[in-house]
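Below are the chains, spelled out letter by letter.
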Amino acid sequence: VIVPVGSQSAASLPSTAAMRSCNKFTVGSSPNWSSPTGAAAIAARAPDALVIGADQVAVLDGIPLSKPGTHDNAVVQLRAMRGRCISFLTAVAVSHGATGATVARLVPTDVHFREFDDATIEVYLRAEQPYDCAGSAKIEALGIALVRRLDGTDPTALIGLPLIALLALIGAGSFGGGGRVAL
């Protein structure tokens, strides 16, 4: 499902400035991690915990692509994406209830899709059913066959939780850990 910028659904996107090579796309300027379901709100109820939240949106020609929800919507998305470069924006936030500290980062990944036919779309969708994945892309499984190239700094971002960014946020020292990440 294509969600136009400015709609109610687009307002819930991870907010930060993001300019990517294959999609010139900008979303707001201040993260909404204080929403009732955001990491900060959850951390307030669990003061001894670090709460991690993450979500992702795909962007095609400056328009965010939501999670398709249905087979038909996924077909429409994948037809539009074939042979194109799509930006996937993955946001991660970490909140600590005891200190009230919340840090967040947006990790972009450009995905260059192959040309593929409708039969390939059908086989992929029937096997993976990626109806809860941004842009109908489940890259960690059969979806990789639809991809020609990836450009990004954190390969785990495309799967939905950017671990390099997460470790950097936790290691920044804002949570009383002295800037160390224990392994």
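Everything below is about the structure shown above.
In this text the structure is predicted, and so the values were computed from the model without any measurement.

**So, the overall build of the chain**
Then, number 1: Assigned secondary structure in the chain consists of five helices and five strands.
Then, number 2: Within the chain, buried positions represent 43% of all 183 residues.
Then, number 3: For the chain, the share of sequence-separated contacts (at least 6 apart) that also reach a separation of at least 24 residues comes to 68%.
Then, number 4: For the chain, the accessible surface area stands at approximately 9200 Å², while carbon and sulfur atoms represent 56% of it.

**Let's talk about the sheet that holds strand 3 (residues 85-96)**
Strands pair in a sheet through their backbones, by hydrogen bonds, and they do so in one of two ways: parallel or antiparallel.
Then, number 1: Taken in spatial order, the five strands line up as 2-1-3-4-5 in an open sheet, and their pairing is antiparallel. Two strands close off the open sheet at either side, each with one partner strand: strand 2 (63-65) and strand 5 (147-152). Each strand of the sheet is rotated relative to its neighbour by a mean of 30°, with strand direction disregarded.
Then, number 2: Sheet analysis places strand 3 next to strand 4 (residues 101-113), joined by twelve bridges and oriented antiparallel. Residue pairing in the sheet places Ile-86 in a bridge with Val-111 of strand 4.

**Focus: the environment of Thr-120**
Then, number 1: Its place among the elements puts Thr-120 in helix 4 (residues 118-128).
Then, number 2: The exposure class assigned to Thr-120 is partly exposed, which follows from its relative accessible area of 31%.
Then, number 3: A distance of 2.7 Å separates the side chain of Thr-120 from the side chain of Asp-117, its partner in a polar contact.

**Brief notes about the nonpolar core**
Then, number 1: Counting 21 residues, the largest nonpolar core has Leu-78, Met-81, Ile-86, Phe-88, Phe-113 and Leu-125 as its most contacted members.
Then, number 2: For this core, the elements supplying multiple residues, two or more each, are strand 1 (50-60), helix 3 (71-81), strand 3, strand 4 and helix 4.
Then, number 3: Of all the elements, helix 3 adds the most residues to this core, at four residues.

**A look at a nonpolar patch on the surface**
Then, number 1: Together, Ile-52, Leu-161 and Leu-163 make up an exposed nonpolar region whose accessible area comes to about 230 Å².
Then, number 2: Mapped onto the elements, Leu-163 comes out in helix 5 (residues 163-171).
Then, number 3: The exposure class assigned to Leu-163 is partly exposed, which follows from its relative accessible area of 39%.

**Some details on the pairing of strand 3**
Then, number 1: Taking burial as the measure, the twelve residues of strand 3 include twelve buried ones, the bulk of the element.
Then, number 2: Residues Cys-85, Ser-87, Leu-89, Ala-91, Ala-93 and Ser-95 of strand 3 are buried on one face, and the alternating residues Ile-86, Phe-88, Thr-90, Val-92, Val-94 and His-96, pointing to the opposite face, are buried as well.
Then, number 3: Here strand 1 runs beside strand 3; their pairing, made up of ten bridges, is antiparallel. Opposite Val-59, over in strand 3, you have Ser-87 as the bridge partner.
Then, number 4: Between strand 3 and strand 4, which pair antiparallel one after the other, the connecting turn spans four residues, and Gly-100 there sits at a positive phi close to 75°.

**Structural notes on helix 4**
Then, number 1: Among the residues of helix 4, those classed as buried are Ile-121, Tyr-124, Leu-125 and Glu-128. With its buried residues spanning 95° around the axis, helix 4 presents them on a single face. Turned more than 90 degrees from where helix 4 packs its buried face, Val-123, Arg-126 and Ala-127 sit exposed.
Then, number 2: On its buried face, helix 4 sits against helix 3.

How each quantity is defined
- Residues numbered from 1 in each chain as written.
- Predicted model: local features only at pLDDT ≥ 70, side-chain atom pairs only at ≥ 80, totals over all residues.
- Heavy atoms only, no water.
- Helix = DSSP H or I, 4+ residues; strand = E, 2+ residues; numbered from the N terminus.
- Buried < 20%, exposed > 50% of the residue type's maximum accessible area, 1.4 Å probe, protein only.
- Contact = heavy atoms within 4.5 Å.
- Areas by Shrake-Rupley, 256 points an atom, 1.4 Å probe, with all protein chains shown as cover.
- Pairing = 2+ DSSP bridges.
- Axes fitted to C-alpha atoms, helices over the stretch in contact; angles between N-to-C directions.
- Polar contact = N/O pair within 3.5 Å; in protein donor to acceptor, adjacent residues only side chain to side chain.
- Core = buried A, V, L, I, M, F, W, Y, C linked by side-chain atoms within 4.5 Å.
- Patch = residues over 30% accessible without salt bridge, like charges linked within 9 Å, V, L, I, M, F, W, Y side chains within 5 Å.
- Salt bridge = Lys/Arg side-chain N within 4 Å of Asp/Glu carboxyl O.
- Arc of directions from axis to C-beta.

Interpretation note: all reported values are geometric properties and have no functional meaning in isolation.
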